[in-house]
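# Chains, contacts and geometry: an overview
Listed here are the chains, written in short residue letters.
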Amino acid sequence: MIPEIGHFALILALLLALVQGIPPLIGAHRGNATLMAVARPAAQGQFLFVAIAYGCLAYSFLVNDFSVANVARNSFSQLPPVYRFAASWGSHEGSILLWALILALWTTAVTIWSRHLPEDMSARVIGVMGLVSFGFLLFILVASNPFVRLSPAPMDGSDLNPLLQDPGMVFHPPMLYMGYVGFSVAFAFAIAALLSGKMDVAWARWSRPWTAVAWVFLSIGITGGSWWAYNELGWGGWWFWDPTENASFMPWLAGTALLHSLVATEKRGAFKNWTVLLAILAFSMSLVGTFLVRSGVLSSVHAFATDPTRGIFMLAFLGVVIGGSLALFAFRAAKMPTGGSFTWFSRESLLLANNVVLVAALGAVLLGTLYPLFMDALGMGKISVGPPYFNSVFVPLITPLLFLMGVGPLARWKQASLPAMAKQLRVALAIAATTGVLVSLASGSFKPMVGFGVALAVWIVVTIYLGFAQRLKYIGGPTLPALLKIPRGFWGMQMAHLGLAWVVAGITLVSGLETERNVKMNIGDTTHLAGYDFTFQGVSPHEGPNYRAASGNVEVAAGGKQLFVLHPQKRIYNASGMPMTEAAIDYGFTRDVYVALGDELDNGAWTVRVFHKPFINWLWIGGLFLALGGVLAASDRRYRIALRAAEAPAVAPQGAQA
């Protein structure tokens, strides 16, 4: 009965999405307040029914209702409850329903916090989001129904993929989807502005905090996914340039460019075309990522062709959304007013360069992700595009961006002086270069790329200091009250830049200085790595809730003193018989010690992989600073002032009439 309730709730949600989409858009076009007023209650009702549907699916997982095909394929009676709940979004059907739920949640948030907007603008924004919801809900009901029944029902399920039985599965997909889907708000604002023909700075100011919040969620999701891969896969990697990873990284790059473009549009009325196009691009990349991950095309182009229903539907949906929005942009672009003028060297020109580099980097990632699929689809053979391509193309593209990151915030709007800027930055350049050389020499052997990466990170940090010094100079000097007067938006920008500097330093140091050994070890054997002694003391059996494991005992010492004992595991899952490696890690601020069990050999011997990972945790610390910077920027006081200022004109006429 519960699955049938969920299915019926989806049908009602589909109808409400249609009501949310079409009448408000017609009303906004005709100036009909009655039709526009339909948007908010329809959107909130749609969220209610999608939430009921998702609750029914989650309940089916929690009570082990194996008569539901989705539950039977992705759960198991011995699976811990937290993973049973997470399994509700571990399948294709569940993940698309989660997408629809989060889209409805974002839409409901817009209905609540958009009451200060002009009624026609809010109706268009909510209406556009309603049409996107309609597309996803129709896709669920036609090609991805999560409530399909099995008859007869199996006695037990096939289990959740062991790779997904990790705490990362609980938080990573929802965070990622909150970011993916959050860009639909910026997309809806851009389409609403195009439909209205009012391409002023107001829509950029309205959409900027929404974009920042979506970017924060996506940053947390990508950071968490990297941490999950590092902990779960058992060979110490943290980024693989895998198509699934690229599917989330591409909208992040587009969203980062959009955030910077929104700054120029809001402050100076510049880059209006760029900003609209980037809003379309960011959401389009979210849809492309969903298609890549959920259509089956990544596992095999030919499997996709054999069972094309889902893929064809998603391709058609992509064509309608992306093609339609680009066509509307092409129709309206020539009529957009130009923004304020600026010289070749100014903050605007540096922001423009920032956007060009980010879009070029996005293009490189997109090409490397899609090219193998095109070659396979055309029957020209299977090729692999991996880290060598991405590192050789992406890194040179992103390097000038890191340099500009230090210059841009210090430049003046409209016109800046290059000689004055060079004079201001010469000390920062000297400090960065000196630090890079010293770190390169101190790494044991001269490693110029390590020094170069560290120099870029230090360059960003020193220019952040200069930015604060410049700001404090005009508001009372370097005092605590003056620091507190600095807007959150400025703090957020510098916090995000600091986070990226931390990420760059972490990537550089761990890539250049990490060491590993893969050795055969008998009981009592010792191997040495990076000043640590690893002694293998055998394995002991361990029973988990839905697996059995051999748990290793590896003593780690340094200078003759035992420091800690690590317990890596080799697991066999009961339902699938699938083996999994569970690494054991001793975390540290400046290094991780990482041990993974390989295969059992003869006479109690095992292959053991040991890693020393310098500064790897700086990647995830930097990711958290990036997210914190986005939170501070989204909560800037000027958005609350703008909200009150927008509400004031609506009050004044009433008082005048009274």
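All values derive from a computational prediction rather than experimental measurement.

All right, on to the overall build of the chain then. For the chain, the helix and strand inventory stands at 21 helices and 10 strands. The C-alpha radius of gyration computed for the chain amounts to 27 Å, which stays within 12% of the reference 26 Å derived for 658 residues, consistent with globular compactness. Expressed as a percentage of the 658 residues in the chain, the buried residues total 54%. Across the chain, the fraction of contacts at a sequence separation of at least 24, relative to all contacts at a separation of at least 6, is 73%. Only carbon and sulfur atoms are counted for the fraction: they give 67% of the accessible area of the chain, which is about 27,600 Å².

The next point concerns empty space enclosed by the protein. Empty space among the atoms becomes apparent when a probe as large as a water molecule is rolled across them. A complete count under the given rule lists one cavity of 30 Å³ or more for this structure. The computed volume of the largest cavity comes to approximately 60 Å³. As for the largest cavity, its lining consists of Phe136, Phe139, Leu287, Thr290, Phe313, Met314, Phe317 and Leu318. For the lining of the largest cavity, the secondary-structure elements that each account for two or more residues are helix H7 (119-143), helix H11 (272-294) and helix H13 (309-333). Broken down by element, the lining of the largest cavity gets its largest block of residues, four residues, from H13. Its residues assigned to classes, the lining of the largest cavity comprises seven nonpolar, one polar and no charged.

This paragraph deals with the pairing of strand E5 (residues 561-566). Two strands pair when backbone bridges link them, and strand E4 (residues 547-558) and E5 are joined in this way by five bridges, in the antiparallel orientation. By the bridge assignment, Val554 is partnered in E5 with Leu566. Between the end of E4 and the start of E5, which pair antiparallel, lie two residues, with Gly559 showing a positive phi angle near 65°.

On to the nonpolar core, then. In terms of nonpolar packing, the biggest core is built from 160 residues, with Trp99, Trp106, Leu137, Phe189, Leu194, Trp203 and Val276 touching the most fellow members. Apart from the residues within four sequence positions on either side, Leu137 is in contact with Leu10, Ala13, Leu14, Ala17, Gln46, Val50 and Ala100.

With that settled, the discussion passes to the sheet that holds strand E1 (residues 515-521). Hydrogen bonds along the backbone pair up the strands of a sheet, which may run parallel or antiparallel. Taken in spatial order, the four strands of this open sheet run E1-E10-E9-E8, and their pairing is antiparallel. Both outer strands of the open sheet, E1 and strand E8 (584-586), are each paired with one neighbouring strand and no more. Neighbour-to-neighbour, the strand axes of the sheet open up by a mean angle of 15°, direction not taken into account. Pairing of strand E9 (residues 591-600) with strand E10 (residues 606-614), which is carried by eight bridges, proceeds in the antiparallel orientation. The residue bridging Leu597 from the neighbouring strand is Val608, located in E10. Those strands touched by helix H9 (residues 202-232) are E8, E9 and E10, and its axis lies near 45° from that of E9.

We now examine the packing of aromatic side chains. Summed over the entire model, instances satisfying the criterion amount to 34 aromatic pairs. Relative to Phe283, the ring of Phe187 lies with its centre 4.9 Å away and its plane at 35°, an arrangement referred to as tilted. A residue pair is termed long-range when its members are at least 10 positions apart, and Phe187 in helix H8 (residues 167-196) and Phe283 in helix H11 qualify at 96 residues. Here Phe187 matches Phe283 in class, with each residue buried. An aromatic cluster is built from Trp215, Trp239, Trp241, Phe249, Trp252, Tyr389, Phe390 and Phe394, whose rings are joined through pairwise contacts. The cationic tip of Arg471 hangs over the ring face of Phe490; the distance from NZ or CZ to the ring centre is 4.3 Å.

Attention now moves to unusual backbone geometry. Residue Pro152 is bonded to the preceding Ser151 through a cis peptide linkage, with omega at 0°. The topology assignment puts Pro152 in the loop between H7 and H8. For Phe271, which is not glycine, the phi torsion reads 60° and is therefore positive. Given the relative accessible area of 11%, Phe271 is considered buried. Within the chain, Phe615 stands out as a residue other than glycine whose phi angle is a positive 60°. Positionally, Phe615 belongs in the loop between E10 and helix H20 (617-634).

Counting through the fold element by element, Ala192 comes out in helix H8. Using a relative accessible area of 0% as the deciding quantity, one classes Ala192 as buried. Taking C-alpha positions, Ala192 is 40 Å from Ile507, a pair spaced 315 residues apart along the chain. In this structure Ala192 touches Met121, Arg124 and Val125, once residues within four positions along its chain are discounted.

The next thing to look at is the confidence of the model for the chain. On average, residues of the chain score 89 in pLDDT, and 95% of them are at 70 or above. Confidence scores differ between elements of the chain, with helix H12 (residues 301-306) showing the lowest mean pLDDT of 44 and helix H3 (residues 39-62) the highest of 96. Contacts of residues 646-658 to residues separated by more than four positions or lying in other chains number two contacts, the stretch itself having pLDDT below 50.

Attention now moves to the environment of Ser144. Along the chain, Ser144 falls in the loop between H7 and H8. For the pair formed by Ser144 and Asn574, sequence separation is 430 residues and the distance between their alpha carbons is 28 Å. Among the polar contacts made by the side chain of Ser144, one reaches the side chain of His92 at a distance of 2.7 Å.

Attention now moves to a nonpolar patch on the surface. Taken together, the side chains of Met1, Ile2, Ile5, Leu48, Ile52, Tyr59, Leu62, Val63 and Phe85 define a hydrophobic patch exposed on the protein surface, amounting to about 790 Å² of accessible area. Elements represented by at least two residues in the nonpolar patch include exactly helix H1 (2-30) and H3. The leading source of residues in the nonpolar patch is H3, at four residues. Tracing the sequence through the fold places Leu48 in helix H3. Looking at Leu48, the relative accessible area reads 48%, which means it is partly exposed.

Definitions and cut-offs
- Residues numbered from 1 in each chain as written.
- Predicted model: local features only at pLDDT ≥ 70, side-chain atom pairs only at ≥ 80, totals over all residues.
- Heavy atoms only, no water.
- Helix = DSSP H or I, 4+ residues; strand = E, 2+ residues; numbered from the N terminus.
- Rg over C-alpha atoms; globule rule 2.2 N^0.38 Å.
- Buried < 20%, exposed > 50% of the residue type's maximum accessible area, 1.4 Å probe, protein only.
- Contact = heavy atoms within 4.5 Å.
- Areas by Shrake-Rupley, 256 points an atom, 1.4 Å probe, with all protein chains shown as cover.
- 1 Å grid on protein atoms, 1.4 Å probe; cavity = no way out; pocket = protein on both sides within 12 Å on 5 of 7 lines; lining within 4 Å.
- Points joined across faces, edges and corners; volume = space filled by probe spheres on them.
- Nonpolar A, V, L, I, M, F, W, Y, C, P; charged D, E, K, R; others polar.
- Pairing = 2+ DSSP bridges.
- Core = buried A, V, L, I, M, F, W, Y, C linked by side-chain atoms within 4.5 Å.
- Axes fitted to C-alpha atoms, helices over the stretch in contact; angles between N-to-C directions.
- Phe/Tyr/Trp six-rings, centres within 6.5 Å; stacked < 30°, edge-to-face > 60°.
- Lys NZ or Arg CZ within 6 Å of the ring centre and 35° of its normal.
- pLDDT = per-residue confidence, 0-100.
- Polar contact = N/O pair within 3.5 Å; in protein donor to acceptor, adjacent residues only side chain to side chain.
- Patch = residues over 30% accessible without salt bridge, like charges linked within 9 Å, V, L, I, M, F, W, Y side chains within 5 Å.
- Salt bridge = Lys/Arg side-chain N within 4 Å of Asp/Glu carboxyl O.

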